[in-house]
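Listed below are the residues making up each chain.
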Amino acid sequence: MKLQFLGTGAGIPAKSRNVTAIALKLLEEKGSIWLFDCGEATQHQILYTNIKPRRIDKIFITHLHGDHIYGLPGFLSSRSFQGGETTLTVYGPKGIHEYIRVSLAVSQTYLKYDLNIVEIEEGTIFEDDDFIVEAKILEHGVTSYGYRIIEKDRPGKLNTDKLLQYGIKPGPIYKRIKDGENLTLDDGTIINSQEFLGTAIKGRIITILGDTRTCSATEVLAKEAKVLVHEATFSKEESSIATEYYHSTTVQAADTAKKAKVDCLLLTHISARYDQSLTEQLLQEARVIFPNTYIAEDFAEFEI
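The sections below set out a description of the structure shown in this document. (Residues numbered from 1 in each chain as written. Predicted model: local features only at pLDDT ≥ 70, side-chain atom pairs only at ≥ 80, totals over all residues. Heavy atoms only, no water.)

## Some details on the side chain of Arg 148
Move 1: Mapped onto the elements of the fold, Arg 148 is located in strand S9 (residues 145-151).
Move 2: In this structure the side chain of Arg 148 is engaged in a polar contact, spanning 3.0 Å, whose partner is the backbone oxygen of Lys 223.
Move 3: Beyond its immediate stretch of four places on either side in the chain, Arg 148 contacts Ile 132, Val 133, Glu 134, Ile 205, Ile 206, Thr 207, Val 220, Leu 221, Ala 222 and Lys 223. (Helix = DSSP H or I, 4+ residues; strand = E, 2+ residues; numbered from the N terminus. Polar contact = N/O pair within 3.5 Å; in protein donor to acceptor, adjacent residues only side chain to side chain. Contact = heavy atoms within 4.5 Å.)

In structure tokens, the structure reads:
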């Protein structure tokens, strides 16, 4: 499981930072990639990575400001041209359906795959055998969501030595036992799968927030997450501006990470006013409060 940042800037593109898009790579877990926001030129950014657009089967939009959605029509279209045939689902606030529908209709874009658009509300918005995704409204100028991605606990390590002692040789039966299935062998022996599995592996939690001021919802979404992705549009000296424009500062993000007891904080959505020489200053501001903090750069990849 990896996070790769395709755009880390706020508002408008800058020379060193494109606007927001984040890829959650679940290639080993699900063979797919989930995209969080799709700012202008996201498909251009993808060209500089190993991401295959057809692998992206879910897109989660945090809110409808342009720097988070202007790349969506282009990406949806290009995915069709680049061999994408599997179903893609877009989740987002009310209005995302109309935005996509009008964009594709006016440009006469016809997709070769099924497109599902889900306008979400707070609560669980997706669940399958492996993951749960929860959404909660943040505090921004428009409806903005944060997402909590919960990996379900996985079965413990298979005790192959013990299986061999029972005369059970490697093969498809090992997967059935790993999946928790109880079996009856040809000689009548009942195999309780739990006897051959180690302690369950605790699932990971990843929290990805949209634009927001400091609010209680951020801490709830981030509680005990492995990774918290939090906007840090402004430095600590500009907290009044951050509040006025419904954004967060570096230290506010760090404070949320500390209170929520997360493992790692990744800061993104950095204002263009901060060039590379000032990035270190922003980082140190946050690390005073939460040491395990990093500022995401375009194309940076973090293993979870």
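## Some thoughts on the pattern of salt bridges
Once the charged atoms of two side chains with opposite charge are near each other, the side chains can pair.
Move 1: Scanning all chains against the criterion turns up 14 salt bridges.
Move 2: One salt bridge connects Glu 139 with Arg 213, and the closest N-O pair in it is separated by 2.9 Å. Within this pair, whereas Glu 139 is found in the loop between strand S8 (131-137) and S9, its partner Arg 213 is found in the loop between strand S12 (205-209) and helix H7 (216-222), the two being separated by 74 residues in sequence.
Move 3: The class of Arg 213 is buried, set by a relative accessible area of 18%.
Move 4: Glu 181 is paired through a salt bridge with Arg 176; the nearest N and O atoms lie 2.8 Å apart.
Move 5: The exposure class assigned to Glu 181 is partly exposed, which follows from its relative accessible area of 35%.
Move 6: Owing to a relative accessible area of 40%, Arg 176 belongs among the partly exposed residues under this scheme. (Salt bridge = Lys/Arg side-chain N within 4 Å of Asp/Glu carboxyl O. Buried < 20%, exposed > 50% of the residue type's maximum accessible area, 1.4 Å probe, protein only.)

## Overview of helix H10 (residues 276-289)
Move 1: Every buried residue belonging to H10 is among Thr 279, Leu 282, Leu 283, Glu 285 and Ala 286, and all of these are buried. Each buried residue of H10 lies within a common arc of 155 degrees when the element is viewed along its axis, so the set occupies one face. In H10, the exposed positions angled more than 90 degrees off the buried face are occupied by Ser 277 and Val 288. (Arc of directions from axis to C-beta.)

## Some words on the pairing of S8
Move 1: Bridge analysis of strand S7 (residues 123-127) against S8 gives four bridges, and the strand direction is antiparallel. Residue Glu 127 lies in a different strand from S8, and its bridge partner there is Ile 132.
Move 2: Taking the residues that link successive antiparallel strands as the turn, the S7-S8 hairpin has three residues.
Move 3: Here S8 runs beside S9; their pairing, made up of seven bridges, is antiparallel. When the bridges of S9 are listed, Lys 136 appears paired with Gly 146. (Pairing = 2+ DSSP bridges.)

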